[in-house]
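One letter stands for each residue in the lines below.
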Amino acid sequence: DTGVSQDPRHKITKRGQNVTFRCDPISEHNRLYWYRQTLGQGPEFLTYFQNEAQLEKSRLLSDRFSAERPKGSFSTLEIQRTEQGDSAMYLCASSLARGTTLGGSPLHFGNGTRLTVT
Amino acid sequence: AQSVTQLGSHVSVSEGALVLLRCNYSSSVPPYLFWYVQYPNQGLQLLLKYTSAATLVKGINGFEAEFKKSETSFHLTKPSAHMSDAAEYFCAVSDHSKLVFGAGTILRVKS
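Keep in mind the model is a prediction, meaning the values are calculated, not measured.

> Is there a simple way to think about the environment of A:E83 in this case?
All names here are of chain A. Within the fold, E83 resides in the loop between strand 8 (75–79) and strand 9 (88–95). Assessed through its relative accessible area of 40%, E83 is described here as partly exposed. For the pair E83 and Q17, spaced 66 residues apart in sequence, the C-alpha separation works out to 8.6 Å. Those residues within four positions of E83 in sequence are excluded, and the remaining contacts are R15, R64 and V117.

Structure, rendered in structure tokens:
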């Protein structure tokens, strides 16, 4: 179990630029989640995949955000035309869940990508 | 929708003292509840989870939590705080397909 890995750990970009983050989940996990965490807040759900299918997206995920999980393995989160309000920690997590509900299956988190938009 | 509320954004205890972090939940179905810990610039690490098997749940690092349905609570405790416990703690509830987190409680441990 090598854990969930995220790349890069830190990203500084100028407003209006596009950025892409990568997440490699625990290999046997079928679910992959993206969360956003701002200072003083708990993680907020953005979207999740079951295998390669994106099954749910939060209203927080504006049309500038897009996530993919080709072949049900790693995932990328792209933010286009970044804004200062996008500055946050972006957390990826994976889980092994059966059926449509998460139930008692815990999420295993990576160390996150901290985005700073100047 | 399920939700959790963490009472107290900051808690300060002396080393060796009891740690009590409060979490209340709102759920229309029997809940699955979790506690996570986050150290600076790191992701969240699972401390323990409640899945209805037992109301008193033991986790890692000496932490435990008790599920009380009558009080809709799932408070986290540790008998004796250690300096290494200083971190931010999050309570979460399973909401069908995802976890919903509280706002977090920062635990400070004084020597």
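> What is the right way to read the sheet that holds strand 1 (residues 3–7) of chain B from this model?
The strands that make up a sheet are held in pairs by hydrogen bonds between backbone atoms, and each pair lies either parallel or antiparallel. Residues and elements named next belong to chain B. Spatially, 5 strands are ordered 1-3-8-7-6 in an open sheet, and the strand pairing comes out antiparallel. The open sheet has two free edges, formed respectively by strand 1 and strand 6 (56–58), since each of these has just one partner strand. Going from strand to strand, the sheet's axes swing by 20° on average, the running direction of each strand aside. With 4 bridges connecting them, strand 3 (residues 19–26) and strand 8 (residues 73–78) associate as antiparallel partners. Residue pairing in the sheet places L20 in a bridge with T77 of strand 8.

> What is the right way to read the sheet that holds strand 8 of chain A from this model?
Residue and element names in this part refer to chain A. Strand order in the open sheet formed by 4 strands is 1-3-8-7, with antiparallel pairing between adjacent strands. Single-partner strands in this sheet number two, and they are strand 1 (5–7) and strand 7 (65–68). Taken over all neighbouring pairs, the strand axes of this sheet differ in orientation by 15° on average, direction set aside. The sheet contact formed by strand 3 (residues 19–24) and strand 8 spans 5 bridges and is antiparallel.

> What should I look at first to understand the nonpolar core in this one?
Most often, soluble globular proteins keep nonpolar side chains buried together rather than apart. If you look at the biggest cluster of nonpolar residues, it comprises 26 residues, and the most contacted ones within it are B:W35, B:F74, B:L76 and B:Y89. Of all the elements in the fold, those that place two or more residues in this core are strand 2 (10–14), strand 3, strand 4 (33–38), strand 5 (44–50), strand 7 (64–68), strand 8, strand 9 (87–95) and strand 11 (105–110) of chain B. Excluding its chain neighbours within four sequence positions, the residues that come into contact with B:F74 are B:C23, B:L33, B:F34, B:W35, B:L48, B:Y50, B:V57, B:A65, B:E66 and B:F67. Core analysis: the second largest hydrophobic core is formed by 19 residues, A:V19, A:F21, A:I26 and A:Y90 among them.

> I tried to follow the interface of chain B and chain A on my own but got confused; where do I start?
On the chain A side, the residues contacting the 20 residues of chain B number 26 residues. It is B:N41, B:S97 and B:K98 that lose the most area in chain B upon contact with chain A, and together they represent 28% of the buried surface on that side. Across the chain B-chain A interface, the total number found is 1 salt bridge. Note that B:K98 and A:E56 form a salt bridge whose closest N and O atoms lie 2.9 Å from each other.

> What am I meant to see in the layout of surface pockets here?
A probe as big as a water molecule, rolled over the atoms, marks out the empty space that is left. Considered as a void within the structure, the largest pocket measures approximately 320 Å³ in volume. Along the wall of the largest pocket there are 18 residues; nearest its centre are A:Q37, A:L39, A:R114, B:Q38 and B:E88. Taken together, the elements giving at least two residues each to the lining of the largest pocket come down to strand 9 of chain A together with strand 9 of chain B. Tallied by class, the residues present in the lining of the largest pocket amount to 8 nonpolar, 8 polar and 2 charged.

Quick notes on the rules
Residues numbered from 1 in each chain as written. Chains lettered and ligands numbered in written order. Predicted model: local features only at pLDDT ≥ 70, side-chain atom pairs only at ≥ 80, totals over all residues. Heavy atoms only, no water. Helix = DSSP H or I, 4+ residues; strand = E, 2+ residues; numbered from the N terminus. Buried < 20%, exposed > 50% of the residue type's maximum accessible area, 1.4 Å probe, protein only. Contact = heavy atoms within 4.5 Å. Pairing = 2+ DSSP bridges. Axes fitted to C-alpha atoms, helices over the stretch in contact; angles between N-to-C directions. Core = buried A, V, L, I, M, F, W, Y, C linked by side-chain atoms within 4.5 Å. Buried area = accessible area lost by both parts, 1.4 Å probe. Salt bridge = Lys/Arg side-chain N within 4 Å of Asp/Glu carboxyl O. 1 Å grid on protein atoms, 1.4 Å probe; cavity = no way out; pocket = protein on both sides within 12 Å on 5 of 7 lines; lining within 4 Å. Points joined across faces, edges and corners; volume = space filled by probe spheres on them. Nonpolar A, V, L, I, M, F, W, Y, C, P; charged D, E, K, R; others polar.

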